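Structural features, examined
Below are the chains, spelled out letter by letter.
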Amino acid sequence: MPELTIPNITLHDGVEIPQLGLGVVHVPPEEAQGVVEDALDVGYRHIDTAASYRSEAAVGAALAASDLSREEVFVTTRLWNAEQSYDSTLKAFEATLDRLGFEHVDLCLIHWPVLSESRSLNTWRASERILEEGRARTIGVSNCRVEDLERLEAETDTRPTVHQVELHSRLQQVELRRLHAEYRIVTGAWSPLAQRDLLADETIGEIAVRHGKSPAQTILRWHVQLGNVAIPKSVTAERIRENIEIFDFKLSKEEMATISEADAAMATGRTVFPASGGAGRI
Ligand SMILES: NC(=O)c1ccc[n+]([C@@H]2O[C@H](COP(=O)([O-])OP(=O)(O)OC[C@H]3O[C@@H](n4cnc5c(N)ncnc54)[C@H](OP(=O)(O)O)[C@@H]3O)[C@@H](O)[C@H]2O)c1
C-alpha cells in the first residue's frame, strides 16, 4: 500500500512540523503501541502524546519497532499540571524522555497554564532550558488565554512556536487565532473533529459528498486550509487511514466560508476554560 505524504509547516524558529498528526488521548496504554504502528504504516509522521496519557512508553516502543529513524517522526508531548514549576518540570521531563526512550522530543508543550502566574512562568523558563539543552527541538503551550500569551511575550525571552487549543468549526478561537497570526505562532487544533460531534452536520455532509470524501475528511481539510496543525485521535485502522487521505482535494473559498459560517452561532472566540487553568481535564 503506498504511503501518503503529509505537508510540513515551518515554525517561526525554522523547525518543521507535519500538519496532521495522530492524537492518542484515551487510548489504553496496552493498545497504544499497535495504534501508533498502524499510523506509522500508513504514513503518519507526527504523534501527539502527553505525560498524562500514559502512552509515552508505547509511542517510543512503536517507533523503535518500526523501520523509521527517530528523525523521521515528529513527536509532541506535554508536561502535566501537577509537575509545573522550574525544578519539578525539569524532573518530570527527564521521566518523559525515559518513558519514550528518546534523547529529545520534537515539541514540548505545557499542557495547561496553572492559576499561579509565577508557577506558569517558571514552567516556561524550564521549557526554555529544555530547548537550550537540545532536549526539545521546539517548545510551545496549550490551552492559554490571550492574556496568558501576552504575558509570556512581555515577561520571557522565548516565544512559543505552537499553541494547541480545542478548535473546530463550533469553537473557532477567533481572538486567539488573530494573536497567533500577529506573533507567528502556529495553531494546533485539539479535538479537531469535536469528538465526532460534527460528523452528522448536514452542511459538512453535503460538501463531503460533492468531493467524494467523508465528513471527517472534510473537516480535517478545513483545518489544513486554515493553516492549523490537526491531531485527530482514532484507534480504528480504517479511520486512521481515512483521516490522512485529505491531501488530494481542496475546498473552495465558498465551501471554507460555508463551514465556518454554518456554525457561527455556536462558535466563539474564547478559550474553553478561561479561568480554571484546566486542572484535571486532559
Ligand atoms: N492539549 C490538550 O489539552 C488536549 C486536550 C484534548 C485532546 N488533545 C489531543 O487532541 C487529540 C484529538 O482530540 P480528541 O480525541 O479529543 O477528539 P477528536 O480527534 O476530535 O475525536 C476523536 C473521536 O473521533 C472518532 N473518529 C476519528 N476519526 C474518525 C473518522 N474518520 N470517522 C468517524 N469517527 C472518527 C474517534 O473514534 P475511534 O477512536 O473509535 O476511531 C474518537 O471517538 C487527542 O488525541 C490529544 O492528542 C489535546
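In short, a report on the structure. Here the structure is a predicted model, which means the values were calculated and not measured.

Next up on the list: the side chain of Arg135. Looking at the secondary structure, you find Arg135 in the loop between helix 4 (117–132) and strand 7 (136–142). Of the polar contacts made by the side chain of Arg135, one reaches the side chain of Glu94; its length is 2.5 Å. Filtering out sequence-adjacent residues up to four positions away, Arg135 remains in contact with Leu90, Phe93, Glu94, Leu97, Glu103, His104, Val105 and Ile130.

A few words now on the nonpolar core. Among the nonpolar cores identified, the biggest contains 68 residues, and Leu22, Val36, Tyr44 and Ile47 are the most heavily contacted of them. Counting residues per element, this core draws most heavily on helix 1 (residues 29–42), at six residues. Leu22 has contacts with Val35, Val36, Ala39, Tyr44, His46, Ile47, Asp48, Pro232, Ser234 and Ile240, leaving out every residue within four places of it along the chain. With ten residues, the next largest nonpolar core counts Leu11, Val15, Ile17 and Val186 among its residues.

Right, let's get into the packing of aromatic side chains. Taken as a whole, this structure holds zero aromatic pairs when the rule is applied. Above the plane of the ring of Phe102 lies Arg70, whose end atom (NZ or CZ) is 4.1 Å from the centre.

Pairs can form between side chains of opposite charge whenever their charged atoms are close. Inspection of every chain in the model, using the stated rule, returns 15 salt bridges. Glu133 is paired through a salt bridge with Arg129; the nearest N and O atoms lie 2.8 Å apart. On the basis of relative accessibility, which here comes to 40%, the residue Glu133 falls in the partly exposed class. When salt bridges that share partners are traced, they join Glu94, Arg129, Glu133 and Arg135 into one network.

What counts as what
- Note that residues are indexed from 1 along each chain, following the sequence as it is written.
- Given that the model is predicted, a residue must reach a pLDDT of at least 70 before its local features are reported, and side-chain atom pairs must reach 80 or more before they are shown or counted; all residues, however, enter totals for whole chains, interfaces and linings.
- Derived side-chain values reflect all non-hydrogen atoms in the structure, with water molecules and hydrogen atoms excluded from consideration.
- By the criteria applied, helices consist of DSSP H or I runs no shorter than four residues and strands consist of E runs no shorter than two, each listed in order from the N terminus.
- Whenever two N or O atoms come within 3.5 Å, that pair is a polar contact, provided that in protein one can donate a hydrogen and the other can accept it, and provided that, for residues adjacent in sequence, both atoms are side-chain atoms.
- Contact criterion: two residues are considered in contact whenever any of their non-hydrogen atoms come within 4.5 Å of each other.
- The term nonpolar core refers to a set of buried residues drawn from Ala, Val, Leu, Ile, Met, Phe, Trp, Tyr and Cys, joined through side-chain atoms within 4.5 Å.
- Each residue's exposure class comes from its accessible area (1.4 Å probe, protein chains only) as a fraction of the maximum for that residue type: buried when under 20%, exposed when over 50%, partly exposed otherwise.
- In summary, the pairing rule links any two rings of Phe, Tyr or Trp, Trp by its six-membered ring, whose centres are within 6.5 Å, and it sorts them by plane angle into stacked for under 30 degrees, edge-to-face for over 60 and tilted for everything else.
- Counted as over-ring charges are cases with an Arg CZ or a Lys NZ within 6 Å of the ring centre that also lie within 35 degrees of the ring normal.
- Whenever Lys or Arg places a side-chain nitrogen within 4 Å of a carboxyl oxygen from Asp or Glu, that contact is recorded as a salt bridge.

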